[in-house]
Amino acid sequence: MALEVLILGSGSALPALSANQTSQVISCGNQLFLVDCGEGTQVQLRKNKVKIQNINQVFISHLHGDHFFGLVGLLSTMHLLGRRAELTIHGPKGLAEIVEIQFRNAGSHLSFQMIFNTVEKAGEVIYEDAKVVVTSLPLKHRIPCFGFHFQEKKGLRKLDGQKLLEYNIPVYARKSISEGEDFRSEDGVLIKNAQLTNDPPKPTSYAFCSDTAYYEKLIPFIEEVDLLYHEATFLESERERAKKTFHSTAKDAATIALKANAKHLILGHFSNRYKNKDGFLQEARMVFKQANVAEEGKVFTV
Ligand SMILES: [Zn+2]
Ligand SMILES: [Zn+2]
């Protein structure tokens, strides 16, 4: 089962003509997850033909505007389009108050229910369904900030058509075998489930690491992750500024990817002082070869 990450914004706080602010759509299991919601996210969702009413879970990393100023606008649009299904918003303390005060003072009564789940600790399961588990990640920023780790659950073993024929398995038994049961023939011969099925596809994982300074305590939480998004606001020439503002350089992001033994890395949250992203790729790939840059509209598939 594929996990897909659609990039809606690759820029940082100051607006740029060529970049939107942080937001991503993660498609995993049967769900569309919206992660961060910078200004203009709903326009980006439209541009990329994402069905906004299919989003039922929103994750906000922290309360800097470039990560959530698009949220009230998006919620208003969902309301205007007649949404009925409830929407869960996972985010830091204070988010519920900010959102509710806006609607209350506008005299708006939304057509759907919002459920706020306050994320206060790292390493906690904040969402789970039959196909995926989402855990909060520790980040080091000026204000409380969490990343999100999406882990697919192991699927059921797959029926092996060839083996079913070989062992002459009746059609009625296939459902229970696909659910993991052994098969016993009429003359009492037991055929083990593993003889009739193949391993399920390997579950995949994705870690979204929003604004953060270089932070090694994050590593144990994202070890062996298939795809890592890590902010890289600056290049090495601005290392001091990165430190001061609790952001990372491309090299920092790549070092975290290397130490965590991640398979692939996406860099993002680029400062608008840089005219192109070549420097980010160069500096990152000197440390970690499988590095790429976020770009509006780009899809990364795991
Ligand atoms: Zn930011
Ligand atoms: Zn920030």
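Quick caveat: nothing in here was measured; it's all calculated off a predicted structure. (Residues numbered from 1 in each chain as written. Chains lettered and ligands numbered in written order. Predicted model: local features only at pLDDT ≥ 70, side-chain atom pairs only at ≥ 80, totals over all residues.)

Visitor: Could you clarify how one ought to interpret helix H2 (residues 71–80) in this entry?
Guide: Note on helix geometry: an α-helix contains 3.6 residues per turn, so any two residues three or four positions apart are oriented the same way. Every buried residue belonging to H2 is among Leu71, Leu74, Leu75 and Met78, and all of these are buried. Take H2 and look down its axis: the buried residues cluster within an arc of 100 degrees, on one side only. Each element contacted by the buried residues of H2 is listed here: strand S3 (31–37), helix H1 (41–47), strand S5 (87–91) and helix H3 (95–105). Positive phi appears at Gly82, one or two residues downstream of H2, with a value of about 80 degrees. (Buried ≥ 20, exposed ≤ 12 C-beta atoms within 10 Å, placed from the backbone. Helix = DSSP H or I, 4+ residues; strand = E, 2+ residues; numbered from the N terminus. Arc of directions from axis to C-beta. Contact = placed C-beta atoms within 7 Å.)

Visitor: I'm lost on the nonpolar core in this one. Help?
Guide: What tends to happen in soluble globular proteins is that the nonpolar side chains get buried as a cluster. Counting residues in hydrophobic clusters, the biggest one holds 68 residues, and the most contacted among them are Leu228, Leu265, Leu267 and Ala284. Ignoring anything within four residues of it in the chain, the contact list for Ala284 reads Ala232, Ala250, Lys251, Ala253, Ala254, Leu265, Leu267 and Ala291. (Core = buried A, V, L, I, M, F, W, Y, C linked by C-beta atoms within 7 Å.)

Visitor: Teacher, can you tell me more about the environment of Ile89 here?
Guide: Position of Ile89 among the secondary structure elements: in strand S5. Ile89 gets classed as buried once you count the C-beta atoms within 10 Å, which come to 21. Between the C-alpha atoms of Ile89 and Asn56, which are 33 residues apart in sequence, the distance is 8.5 Å. Once residues within four sequence positions are removed from consideration, Ile89 is found in contact with Val58, Ile60, Leu95, Met114 and Phe116.

These figures capture arrangement, not role.
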